[in-house]
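# Structural overview
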Amino acid sequence: MTERIRFLLNGRVRDVSDLAPTTTLLEYLRTVEHLTGSKEGCAEGDCGACTVVVGELREGRVRYRSANACILLLPMLDGLEVITVERLKTLAGGGPHPVQQAMVEHHASQCGFCTPGFVMSLFALYHEDERGNRHIGNGEPVGAAEIHDAIAGNLCRCTGYRPILAAARAIASQTRPALPDTSSALTLLQRDRELAYRVPSGAFFAPRSLAELSSRLAKYPDATLVAGATDVGLWVTKQQRSLPILVHAGRVDALRRIASDDAGLMIGAAATWSEARAALVALEPGLAELLSRFASMQIRNSATVGGNIANGSPIGDGMPPLIALGARLRLCSNQGERELALEDYYLDYGRQDRRPGEFVASIFVPRPAPSTVFRVWKLSKRFDQDISALCGAFALDIRAARSTPEGDQPAMVRAARIAFGGMAGIPRRASASEAALTGQPWTEASLEAAIAALDQDFTPIGDHRASAEYRRLAGGNLLRRLFVETTRPEVATGVYRHAG
Ligand SMILES: Cc1cc2nc3c(=O)[nH]c(=O)nc-3n(C[C@H](O)[C@H](O)[C@H](O)COP(=O)(O)OP(=O)(O)OC[C@H]3O[C@@H](n4cnc5c(N)ncnc54)[C@H](O)[C@@H]3O)c2cc1C
Ligand code: FES
Ligand code: FES
């Protein structure tokens, strides 16, 4: 007999025992609950028309985040709260919610297809940002960049974004109607052991401990491990793959821990990019822009660091910077655990060094030495919500130029770690380029040698994102940009700023 999936939907407990485990939340909302406010635009996490708000009880309080309902699998919601656009008018006492009112007053809707999604993204910002800070409505300032971040995952084909931004800014000065406290109701829905949901079309297991996860994967080594489902969800909606047994890593607390000390930062594999962002940026501020350009807020709120690493896409954004920073992976199974350098995990296109029953448990990122210069650049056709054509990451330990009794010594590269995504079938280090720099003065001559060596490291391919020649040239130009930024700080190299 199956256990039931239980969650709060717009304040009411729902319980499901007869739907396929791959049913998406959006499918459920629209076809079972007839809540058709959330729209299906793309069914792949790109357009934001399906945006809902998901609440989770963490350390005694409910944390809210925006999410794409089209790629969330229904059993992943067990024990959580879902708020859809239909809930907003009851929160506001029967009339339009301030977010909706602001959209009306600023003419921020035309055909209206995208509007519920924008409303929910702004509602999420209005209540809680990804770090759990409250913003708008408390009279606290909310910057243009934060608004931009909150809605970068929502597309509108008619209105243009100016009136939507005006509405978002207007909400800042309004009073926020309180959300009812659902922590007691959610407490009653929590489990202390795994969810085992079994129906004729498949099974979904959501372990709560590392032991439960290891034993599920030992029992079902061919099961699909799913964390945030921002990759796996598309296997369902776009590829119509059959996934008869799913094991969910996202509810194992031990996999969500983030801890930092003098040695570095440990990120549990099931921590989302939103959860890990502050700690990553505190460790290495050079990661900030890349992390805000990784997908969209909705995706970052679900997508995990471990899922990105495990998926191992050659154009994934997490791997190049983490490899350049010297990250190490911890893999676990019921046979024990092992550790390896992140770059050694990638064997070939689509093939990783993951043994049957194994899962990625955590990622350790060593603290960069103060003399390390770090940069990562993502090149894509759009600034926001786009996949990289190329991602280059550079960590160079540079000894500053100095005067000695023997004369002036130029700046020297003591060590170099360079990694690229988009240049090969796997995310990979540029070993020849690193060797051309290591132990060499940080000069134009060494730079040119390192750029030339990239041809030994990579034979990039051309595809719809970029031609092979573009990738080859751009890879070298990123190294050149690093040189300019580190040797001529007076030269601006085109840092992008959001318009106010
Ligand atoms: C609209 C959209 C935009 C995106 N933009 C970007 C982007 O800008 N940059 C980028 O890099 N990616 C992007 N992605 C891809 C995706 O969001 C990331 O790869 C994400 O980090 C995957 O994490 P997840 O938890 O959702 O993984 P899931 O989809 O749950 O799983 C992905 C894969 O990893 C495996 N897996 C998950 N957790 C583990 C684990 N602990 N151990 C072993 N295997 C595991 C799964 O079995 C599966 O094979 C985007 C995706 C979408 C839909
Ligand atoms: S329908 Fe487009 S993001 Fe979900
Ligand atoms: S109002 Fe028509 S898509 Fe945005």
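Here the structure is a predicted model, which means the values were calculated and not measured.

About the cut-offs
Residues numbered from 1 in each chain as written. Chains lettered and ligands numbered in written order. Predicted model: local features only at pLDDT ≥ 70, side-chain atom pairs only at ≥ 80, totals over all residues. Heavy atoms only, no water. Buried < 20%, exposed > 50% of the residue type's maximum accessible area, 1.4 Å probe, protein only. Helix = DSSP H or I, 4+ residues; strand = E, 2+ residues; numbered from the N terminus. Contact = heavy atoms within 4.5 Å. Near = heavy atom within 4 Å. Polar contact = N/O pair within 3.5 Å; in protein donor to acceptor, adjacent residues only side chain to side chain. Areas by Shrake-Rupley, 256 points an atom, 1.4 Å probe, with all protein chains shown as cover. Nonpolar A, V, L, I, M, F, W, Y, C, P; charged D, E, K, R; others polar. Phe/Tyr/Trp six-rings, centres within 6.5 Å; stacked < 30°, edge-to-face > 60°. Lys NZ or Arg CZ within 6 Å of the ring centre and 35° of its normal. Core = buried A, V, L, I, M, F, W, Y, C linked by side-chain atoms within 4.5 Å. Domains from an automatic or database assignment. Buried area = accessible area lost by both parts, 1.4 Å probe. Salt bridge = Lys/Arg side-chain N within 4 Å of Asp/Glu carboxyl O. Axes fitted to C-alpha atoms, helices over the stretch in contact; angles between N-to-C directions. Parallel < 35°, antiparallel > 145°, perpendicular 65-115°, else oblique. Left-handed = near helix turned anticlockwise from the far one by under 90°. Pairing = 2+ DSSP bridges. Arc of directions from axis to C-beta.

So, on to helix 6 (residues 162-171). Among the 10 residues that make up helix 6, 7 are buried, leaving the element largely enclosed by the rest of the structure. All of the buried residues in helix 6 are Pro163, Ile164, Ala166, Ala167, Ala168, Ala170 and Ile171. Tucked into the core, helix 6 has its buried residues touching helix 3 (98-105), helix 4 (115-127) and helix 5 (144-151).

Before going further, it helps to spend a moment on the site of ligand 1. Around ligand 1 sit 33 residues, and of these Leu225, Ala227, Thr230, Thr304 and Asp317 come closest. A distance of 2.6 Å separates an oxygen atom of ligand 1 from a polar atom in the backbone of Ala227. Contact with the protein chains hides 94% of the accessible area of ligand 1, taken as 980 Å² for the molecule alone. Secondary-structure elements contributing two or more residues to the shell around ligand 1 are strand 8 (224-226), helix 9 (232-237), helix 13 (305-311) and strand 16 (359-366). Broken down by element, the shell around ligand 1 gets its largest block of residues, 4 residues, from helix 13. In terms of residue class, the shell around ligand 1 is made up of 17 nonpolar, 9 polar and 7 charged.

Although it is not a glycine, His34 sits at a positive phi angle of roughly 55 degrees. For His34, the position within the fold is in the loop between helix 1 (25-32) and strand 3 (51-58). Phi at Ala229 is positive, roughly 65 degrees, even though this residue is not glycine. Position of Ala229 among the secondary structure elements: in the loop between strand 8 and helix 9.

Enumeration according to the criterion identifies 9 aromatic pairs in this entry. With a centroid separation of 5.5 Å and an interplanar angle of 15 degrees, the aromatic rings of Phe205 and Tyr220 are classed as stacked. Note that Phe205 is positioned in strand 7 (residues 202-206) and Tyr220 in the loop between helix 8 (210-219) and strand 8, a separation of 15 residues in sequence. Arranged with centres 6.0 Å apart and planes meeting at 55 degrees, the rings of Trp377 and Phe394 form a pair that is tilted. One end of the pair, Trp377, is in strand 17 (residues 372-379); the other, Phe394, is in strand 18 (residues 390-399), and 17 residues separate them in sequence. Take Phe394: its relative accessible area is 0%, and that puts it in the buried class. Cluster of aromatic residues (ring-pair linked, three or more members): Trp377, Phe394, Phe420 and Phe458. Here the guanidinium or amino end of Arg216 rests over the ring plane of Phe205, the centre of that ring lying 3.9 Å away. The ring centre of Phe383 lies 4.4 Å from the NZ or CZ of Arg293, which sits over that ring.

With that settled, consider the nonpolar core. By size, the foremost hydrophobic cluster in this structure holds 73 residues, and its most contacted members are Phe7, Leu25, Leu77, Leu280 and Ile309. Apart from residues no more than four positions distant in its own chain, Leu25 is found in contact with Val52, Ala69, Leu72, Leu74, Leu77 and Val82. Membership of the second largest hydrophobic core comes to 35 residues, among which are Leu8, Leu57, Met103 and Ala167.

The next point concerns the domain arrangement of the protein chain. Its domain assignment divides the protein chain into domain 1 (1-191), domain 2 (253-366) and domain 3 (372-487). If you average the C-alpha positions of domain 1 and of domain 2, the two centres end up 27 Å apart. Of the residues lining the interface, 17 residues belong to domain 1; the matching set on domain 2 comes to 12 residues. Summed over both partners, the interface of domain 1 with domain 2 comes to about 1,300 Å²; 40% of that surface belongs to carbon and sulfur atoms. Its salt-bridge partner being Arg256, residue Glu56 comes within 2.7 Å of it at the nearest N-O pair.

Turning to the side chain of Ser446, a few remarks are in order. Secondary-structure assignment places Ser446 in helix 16 (residues 444-457). Exposure remark for Ser446: the relative accessible area of 7% places this residue in the buried category. Not counting residues within four places of it along the chain, the set of residues in contact with Ser446 comprises Leu437, Gln440 and Pro441.

Time to look at the environment of Ile363. Tracing the backbone shows Ile363 in strand 16. Filtering out sequence-adjacent residues up to four positions away, Ile363 remains in contact with Leu265, Met266, Ile267, Ala269, Val305, Gly306, Ile309, Ala327, Arg328 and Leu329.

What follows is about the packing of helix 3 against helix 6. Helix-helix packing is described using two parameters, namely the angle between the two axes and the distance between the axes. Remark: helix 3 packs on helix 6, axes separated minimally by 8 Å, with the N-to-C direction vectors making an angle of 135 degrees. Overall, the two elements helix 3 and helix 6 adopt an arrangement that is oblique. Judged by the sense of rotation from one axis to the other, the crossing of helix 3 with helix 6 is right-handed. In this structure, helix 3 contributes Pro98, Val99, Ala102 and Met103 to the contact, and helix 6 contributes Ile164, Ala167 and Ile171. Taken together, the residues of the contact of helix 3 with helix 6 sort by class into 7 nonpolar, no polar and no charged.

What follows is about the pattern of salt bridges. Here the structure, examined in full by the defined rule, presents 30 salt bridges. Here Arg58 makes a salt bridge to Glu275, at a shortest N to O gap of 3.2 Å. In this pair, Arg58 sits in strand 3 while Glu275 sits in helix 10 (residues 273-283), placing the two residues 217 residues apart along the sequence. For Arg58, a relative accessible area of 22% gives the class partly exposed. The salt bridge involving Arg300 is made with Asp149; its shortest N-O contact spans 3.7 Å.

With antiparallel pairing, the 4 strands of this open sheet are ordered in space as 17-18-21-22. Both outer strands of the open sheet, strand 17 and strand 22 (428-429), are each paired with one neighbouring strand and no more. Seen against the sheet, helix 17 (residues 468-487) touches strand 17, strand 18 and strand 21 (412-421) and runs at an angle of roughly 145 degrees to strand 17.

Turning next to helix 8. When helix 8 is considered as a whole, its buried residues turn out to be Leu213, Ser214, Arg216 and Leu217. Angularly, the buried residues of helix 8 cover 165 degrees about the axis, an arc narrow enough to put them on a single face. Exposed residues on helix 8 whose side chains face more than 90 degrees from its buried face are Ala211 and Lys219. Where helix 8 is buried, its residues touch strand 6 (195-199), strand 7, strand 8, strand 9 (245-248), strand 12 (328-333) and strand 16.

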